[in-house]
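Tertiary structure, described
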Amino acid sequence: MLNRLSTYLYQRPKLVLGLLLGPPLIYFLVVYIGSLLALLVNSFFRLEEFTGLVVREFTLEQYAKLFTSTNLGIFGRTAGMAIAVTIADGIIAFPLAYYIARFASPRMKTYLYIAVTIPLWSSYLVRVYAWKLILAKEGIVSWFFNLFGLQFVLDGILSIPGIGGSSLSLSPIGMFITFCYIWLPYMIVPIQTALERVPKSLLEASSDLGANAAQTFRNVILPLSFPGVVAGSIFTFSLTLGDFIIPQVLGNSRFFIGQAVYSYQGTAGNIPLAAAFTMGPIVIMIAYLLIARKMGAFDAL
Amino acid sequence: MPSKNYGEKASLGLTLGAIGGLLFLHVPIAIIFLYSFTTDEATYSFPLPGVTTKWFGVALQRADLWAALTLSLRVAVVATIAALILGTLAAAAVYRSNFFGREAISFLLVLPIALPGIVTGIALRSAIGTMNIPFSYWTIIIGHATFCIVVVYNNVLARFRRMQGSQIEASMDLGANSFQTFRYVILPNMATALLAGGMLAFALSFDEVIVTTFTAGQQSTLPIWIFSQLVRPRDRPVTNVVASIVILITFLPIFLAQRISAQSSETEGGAK
């Protein structure tokens with residue numbers, strides 16, 4: 001019986017393919033793509049102001065609302081934060097990734113790899129919470145500055161308009177530090193992968209031809225590993241763009257995209273406006289992914 | 001192999017940079033554990049005013065915490081099983097056949113984690129709303145399975161690519177039918193990849209918060225409980241304890257999964 005079924009299936013590879021691919025594909029098309037389409041459709045609806053119900057007729061009202069100065073400010077602020085976090089993470093990640101790829105012994109490499117990926121998978125919320133503790137007014141960072149009598153430096157940083165606030169745990173600079181911390185592993189892993197692929201012979205050739213370490217780094221290592229940096233930046237950029245937890249927990253009253261979406265759909269119940277708002281990050285990310293693919297970042301993933 | 005570096009040593013600056021990066025990644029997690037022993041109930045003061053273990057006992061007594069933990073575990077288990085089945089099927093299809101749109105499958109599956117979480121969340125939310133489906137345990141699971149599939153898929157597909165096709169051919173030549181080959185050759189080869197993918201999917205689901213806030217309705221998973229405490233801290237000492245417990249619960253599956261994938265790439269790199 002099983003043998004006959006086995007032979008039957010063996011002769012019909014297309015049927016087997018259908019059986020294998022069918023369930024996951026149907027699930028994805030129905031649940032995920034279906035939802036994305038529902039989102040798109042909703043962004044063309046509007047909310048009846050008095051009843052608070054969604055009116056299902058075509059309008060571009062929501063998209064027009066995106067171009068008010070408040071909302072453009074939200075997009076600008078979020079994109080600015082995403083860019084700053086991406087650059088900072090690239091700088092912090094490179095030495096560690098380079099050390100793991102080039103200098104660690106195979107055994108050490110395994111442990112370092114695990115040391116980098118454990119934070120990547122462990123609880124995002126708890127790690128955000130850790131920074132709430134560290135950056136609190138009465139917390140470790142303040143204590144540290146006080147210890148060396150540097151309280152005035154901290155106060156100076158916090159009084160800078162635009163990035164400061166009443167305490168580190170309620171300021172854009174605190175958010176920036178937390179974002180950098182949370183997404184750092186996403187930057188290290190692809191850079192390390194890209195660095196592993198840089199052929200040793202090229203480095204030897206470079207130094208044989210008289211380049212010093214800095215020149216080799218700038219002209220050989222950096223260009224060859226750059227796709228890894230771009231691959232990592234997809235995550236740091238996209239994740240910062242869509243996050244509403246960190247701005248909610250550590251930010252001030254100036255909204256980020258994620259918070260705006262969250263509050264429009266939640267308290268206001270305005271799904272159409274929330275949906276139109278989400279199209280911003282979707283368009284930005286799709287453009288980013290296309291550029292990244294051009295730069296060869298997908299091979300480094 | 002990149003590990004041979006002709007007797008070269010890392011420069012001091014590089015070593016310090018690497019150590020700094022590692023400390024930056026791990027010290028905050030250590031601080032969480034430290035704070036779960038504080039006697040301070042109202043602030044996050046440092047140095048700790050005193051040390052106590054009583055908050056662990058208090059946390060264990062909390063019914064709302066147990067309910068949230070149970071819900072999180074039930075969601076994570078079912079989402080992981082769904083992801084294991086669907087992810088493995090997709091990986092098998094992509095590995096064994098060359099079909100139109102094959103490249104698009106990987107792209108499609110990775111979308112829920114490549115696009116910001118809020119996109120997946122609000123998309124599911126608007127679909128659930130449009131179809132008037134009530135929020136429930138199952139809407140949470142559907143959301144979680146969506147982004148867990150890709151984790152299993154990646155792990156299993158990588159293993160398929162590493163597996164030697166000759167083993168399958170040998171099994172068939174020796175008279176095994178497809179099912180026997182699957183049972184005795186493919187499955188044992190896949191076992192650790194399934195384990196690693198499953199554990200990562202579990203960890204991912206267990207502490208997911210962004211998508212969950214959009215698909216949960218009134219129910220509270222453990223991450224949602226923590227999130228509400230983050231926004232409006234009411235039980236600081238209990239939250240500190242819960243944070244430590246969450247790290248401990250997820251540490252083991254994550255560590256084992258990473259160990260498995262690190263080991264299998266080592267054996268691949270070795271002489272085979």
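Above: the structure in question.
Residues numbered from 1 in each chain as written. Chains lettered and ligands numbered in written order. Predicted model: local features only at pLDDT ≥ 70, side-chain atom pairs only at ≥ 80, totals over all residues. Heavy atoms only, no water.

Some details on the overall build of chain A
If you tally the helices and strands in chain A, you get 14 helices and two strands. Taken against the 2.2 N^0.38 rule, which gives 19 Å for 301 residues, the C-alpha radius of gyration of chain A at 25 Å runs more than 25% over that of a compact globule. Each principal axis of the C-alpha distribution contributes one length, and for chain A these read about 70 × 65 × 35 Å. Put simply, 68% of the contacts in chain A that link residues at least 6 apart link residues at least 24 apart. Entry remark: accessible area of chain A is about 13700 Å², with carbon and sulfur atoms responsible for 69%. Looking at chain A, you have 19 positive and 12 negative side-chain charges, and the mean spots of the two groups are 10 Å apart. (Helix = DSSP H or I, 4+ residues; strand = E, 2+ residues; numbered from the N terminus. Rg over C-alpha atoms; globule rule 2.2 N^0.38 Å. Contact = heavy atoms within 4.5 Å. Areas by Shrake-Rupley, 256 points an atom, 1.4 Å probe, with all protein chains shown as cover. Lys, Arg positive; Asp, Glu negative; His and termini not counted. Charge placed at Lys NZ, Arg CZ, Asp CG, Glu CD.)

Digging into the overall build of chain B
Along chain B, the regular secondary structure elements total 11 helices and zero strands. Projected onto its principal axes, the C-alpha coordinates of chain B cover approximately 70 × 65 × 30 Å. By the burial criterion, 51% of the 272 residues in chain B qualify as buried. In chain B, once contacts between residues fewer than 6 apart in sequence are set aside, the share between residues at least 24 apart is 72%. Carbon and sulfur atoms make up 66% of the accessible area of chain B, which totals about 12400 Å². (Buried < 20%, exposed > 50% of the residue type's maximum accessible area, 1.4 Å probe, protein only.)

Digging into helix 8 (residues 178-206) of chain B
Residues and elements named next belong to chain B. Here helix 8 contains 29 residues, and its C-alpha end-to-end distance of 36 Å is more than 12% below the 42 Å for a straight helix at 1.5 Å per residue. Taking the largest bend as the criterion, helix 8 deviates by roughly 50°, centred on L187, and proline P188 comes between one and four positions later. Near the N-terminus of helix 8, the side chain that reaches the backbone nitrogen of F179, with its oxygen 2.9 Å away, is that of N177. (Expected span 1.5 Å × (residues − 1). Bend = angle between axes of the 7 residues up to and from the residue. Polar contact = N/O pair within 3.5 Å; in protein donor to acceptor, adjacent residues only side chain to side chain.)

Regarding unusual backbone geometry
Of note in the backbone geometry, N132(B) takes a positive phi value of approximately 55° without being a glycine. In this structure, N132(B) sits in the loop between helix 5 (117-130) and helix 6 (137-162).

What about the environment of I85(B)?
Along the polypeptide, I85(B) turns up in helix 3 (residues 63-96). For I85(B), a relative accessible area of 48% translates into the label partly exposed.

Considerations on the interface of chain B and chain A
Residue-level contacts link 90 residues of chain B with 91 residues of chain A. Both sides of the chain B and chain A interface together cover about 8400 Å² of buried area, and 78% of this is carbon and sulfur. Inspection of the chain B/chain A interface yields zero salt bridges. Linking chain B to chain A there are eight residue pairs in polar contact (both at pLDDT 80 or more). Residues belonging to the side of chain B that touches chain A are distributed by class as follows: 61 nonpolar, 20 polar and nine charged. (Buried area = accessible area lost by both parts, 1.4 Å probe. Salt bridge = Lys/Arg side-chain N within 4 Å of Asp/Glu carboxyl O. Nonpolar A, V, L, I, M, F, W, Y, C, P; charged D, E, K, R; others polar.)

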